[in-house]
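Structure at a glance
Letter by letter, the chains look like this.
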Protein chains: 2
Amino acid sequence: VIVKIVLTYDGTGYAGWQRQRNGVSIQQLVEDALSAIEGEPTPVVGAGRTDAGVHALGQVASAELSGRRDTQTLERALNARLPEAVRVLQIQEAPPEFNARFAASSKTYRYRILVSPVADPFSARYAWLLHPPLDVLAMAEAAAMLEGRHDFAAFQSTGSTVRSSVRELSSVVVSEGPVGDPWTGVASAFPGRLVAVDVTGDGFLRHMVRAIAGTLVEVGVGRSTPDGVRVMMASRDRGRAGRTAPPHGLFLVRVDYKSE
Amino acid sequence: VIVKIVLTYDGTGYAGWQRQRNGVSIQQLVEDALSAIEGEPTPVVGAGRTDAGVHALGQVASAELSGRRDTQTLERALNARLPEAVRVLQIQEAPPEFNARFAASSKTYRYRILVSPVADPFSARYAWLLHPPLDVLAMAEAAAMLEGRHDFAAFQSTGSTVRSSVRELSSVVVSEGPVGDPWTGVASAFPGRLVAVDVTGDGFLRHMVRAIAGTLVEVGVGRSTPDGVRVMMASRDRGRAGRTAPPHGLFLVRVDYKSE
């Protein structure tokens, strides 16, 4: 049977989702834990290949098991073997043809920016720290231009060899809020503000969300304009986009499937 | 001149606020940084003596400098010398007689509890993980009984030798909310809920907030009742209160002063 596994992880210090020669990847951790429980090599396929240092609130993976399992027992067994930074949130039986990567109809990422004169110990590993000011209204205007079906060649990492760089983003939204108490918004003495870039799309090129975040920040600090972003996108030239934002501000928030 | 210093810190791995023989304390870090800048030993006094592993969003300290300083320059110099886990948020010149500890009129603490069948990698160091169910309404009812002027002897650590264990709590509130994306509340796949116990008072006995949180949790899991808490408080017997909640869920949120 095929199972769908929903995962969250703090990507700090890991080599990203995909198994590789150097460094410990999340995929490797999950495959090793699952293989040990199953008693045979059990590969898992992930919906989003998050880069080294990128976090996930709702990564989805699929795997084929040799037989039917009690999913709650399997969930507990996996969490008992995984490090604290990686947690299985849910396991469900999936249709026979389910593949977490190819069946995904859309993915949502959040890029978090802390705009503050001073760092926040509680978000140092979870947000890109920038000094004020940041023109969030101009960023939101530029973000709106990225919505829809476009050739995002200017936003992929150099050297990519995908067949097409056309993708459709259903939503690119920039929002701003207080930092306060992590998770619950109690007012604190902290002088910073949190800016979030939320991007939902049918597919993403390599480093695309981080290139979008870096480009929107160029607009926010006045080195580019919403019009400049439009021209840059039309150029399909990676050299014109903003620098790729650092990985520790990026979260894979959720993956959606048509059947749901 | 006397300065008032507002600080935030991630207490994970530190020996608490107060300087001591074993382990690195926050007070020691701040004193060492300030003394190096001033060129002479410069003690600092903290408003709340947070225990080992307890965090602060708004600790306040006072120090006497040999002369007038540009507070923004001093802020930057201190942050340059402190580890990332400790940040100075603000420095102001204070009245000549200001003492961060004795001038404080009230302090607010938040105790954070994650109620979830599975741990959250992003709050593992910042909340006490409990498995559901937790009766938050019963906890709130018991919390209300702690408000006002009472003898809190049952809530201090055994062996304490303070003169009086009478304290006044102006507010003890239990609230519950979604976990979602840390800091900004975006819905995620995470199945847990966050319960916060917010306590404001004119003074606190040793381990008092953690004993209150532990006692309210006893009510939440059905091992005690709001009435039982009333009886327990009247007994002044530490043996009757719930166990001291672990330090990593506790935050010193703010310190208030009459003059403000």
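Attention here is on the structure that accompanies the text. (Residues numbered from 1 in each chain as written. Chains lettered and ligands numbered in written order. Predicted model: local features only at pLDDT ≥ 70, side-chain atom pairs only at ≥ 80, totals over all residues. Heavy atoms only, no water.)

A short note on the side chain of B:K107
All names here are of chain B. Tracing the chain through its elements places K107 in strand β5 (residues 104-115). Within polar-contact distance, the side chain of K107 engages the backbone oxygen of A47 at 3.3 Å. Those residues in contact with K107 that lie beyond four places of it in its chain are A47, G48, V199, T200, G201, F204, L252, R254 and V255. (Helix = DSSP H or I, 4+ residues; strand = E, 2+ residues; numbered from the N terminus. Polar contact = N/O pair within 3.5 Å; in protein donor to acceptor, adjacent residues only side chain to side chain. Contact = heavy atoms within 4.5 Å.)

A short note on the interface of chain B and chain A
Each partner contributes residues to the interface: chain B has 40 residues there, and chain A has 40 residues. Here chain B meets chain A over a buried area of about 3300 Å², counting both sides, of which 70% is carbon and sulfur. The tally of links between chain B and chain A comes to zero salt bridges. On inspection of chain B and its partner chain A, the count reaches zero residue pairs in polar contact (both at pLDDT 80 or more). Mapped by element, the contributors of at least two residues to the side of chain B that touches chain A are β1 (2-9), β3 (55-64), β4 (86-94), β5 and β10 (250-257) of chain B. Among the elements that make up the side of chain B that touches chain A, the one with the highest residue count is β4(B) (four residues). For the side of chain B that touches chain A, the per-class residue count stands at 26 nonpolar, six polar and eight charged. (Buried area = accessible area lost by both parts, 1.4 Å probe. Salt bridge = Lys/Arg side-chain N within 4 Å of Asp/Glu carboxyl O. Nonpolar A, V, L, I, M, F, W, Y, C, P; charged D, E, K, R; others polar.)

Some thoughts on the relation of the copies chain B and chain A
Laying chain B over chain A is done by rotating through 180° and shifting 0.0 Å along the axis; what remains is an RMSD of 0.0 Å. Considering both components of the superposition, the chain copies are consistent with a two-fold axis. When you check the interface residues of chain B against chain A, 100% turn up at the interface there too, and the contact is symmetric in its surfaces. (Least-squares fit on C-alpha atoms with pLDDT ≥ 70 in both.)

Observations concerning the environment of A:L146
Residues and elements named next belong to chain A. For L146, the position within the fold is in helix α3 (residues 136-146). Owing to a relative accessible area of 1%, L146 belongs among the buried residues under this scheme. For the pair L146 and L89, spaced 57 residues apart in sequence, the C-alpha to C-alpha distance is 32 Å. The contacts of L146, once residues within four sequence positions are left out, are F152, F155, L169, V172, I212, L216, V229 and M233. (Buried < 20%, exposed > 50% of the residue type's maximum accessible area, 1.4 Å probe, protein only.)

Quick word on the pattern of salt bridges
Residue and element names in this part refer to chain A. Enumeration according to the criterion identifies 26 salt bridges over all chains in this entry. Here E93 makes a salt bridge to R68, at a shortest N to O gap of 2.9 Å. With E93 in strand β4 (residues 86-94) and R68 in the loop between β3 (55-64) and α2 (71-81), the pair connects residues that are 25 residues apart, well separated along the chain. Among the charged side chains, a salt-bridge network with shared partners connects R19, E31 and D32.

Focus on the nonpolar core
All names here are of chain B. Core analysis: the largest hydrophobic core is formed by 80 residues, its most contacted members being I113, L146, F155 and L216. Among the elements that line this core, the one with the most residues is helix α4 (residues 208-220), at eight residues. The contacts of L216, once residues within four sequence positions are left out, are M139, A142, A143, L146, V174 and V197. (Core = buried A, V, L, I, M, F, W, Y, C linked by side-chain atoms within 4.5 Å.)

Considering the packing of α3(A) against helix α4 (residues 208-220) of chain A
Residue and element names in this part refer to chain A. For the pair α3 and α4, the least separation of the axes is 8 Å and the interaxial angle reads 140°. Taken as axis vectors, α3 and α4 run oblique relative to one another. In the crossing of α3 with α4, the sense of the turn from one axis to the other is right-handed. Along the contact surface, α3 presents A138, M139, A142, A143 and L146, while α4 presents I212, L216, V217, V219 and G220. (Axes fitted to C-alpha atoms, helices over the stretch in contact; angles between N-to-C directions. Parallel < 35°, antiparallel > 145°, perpendicular 65-115°, else oblique. Left-handed = near helix turned anticlockwise from the far one by under 90°.)

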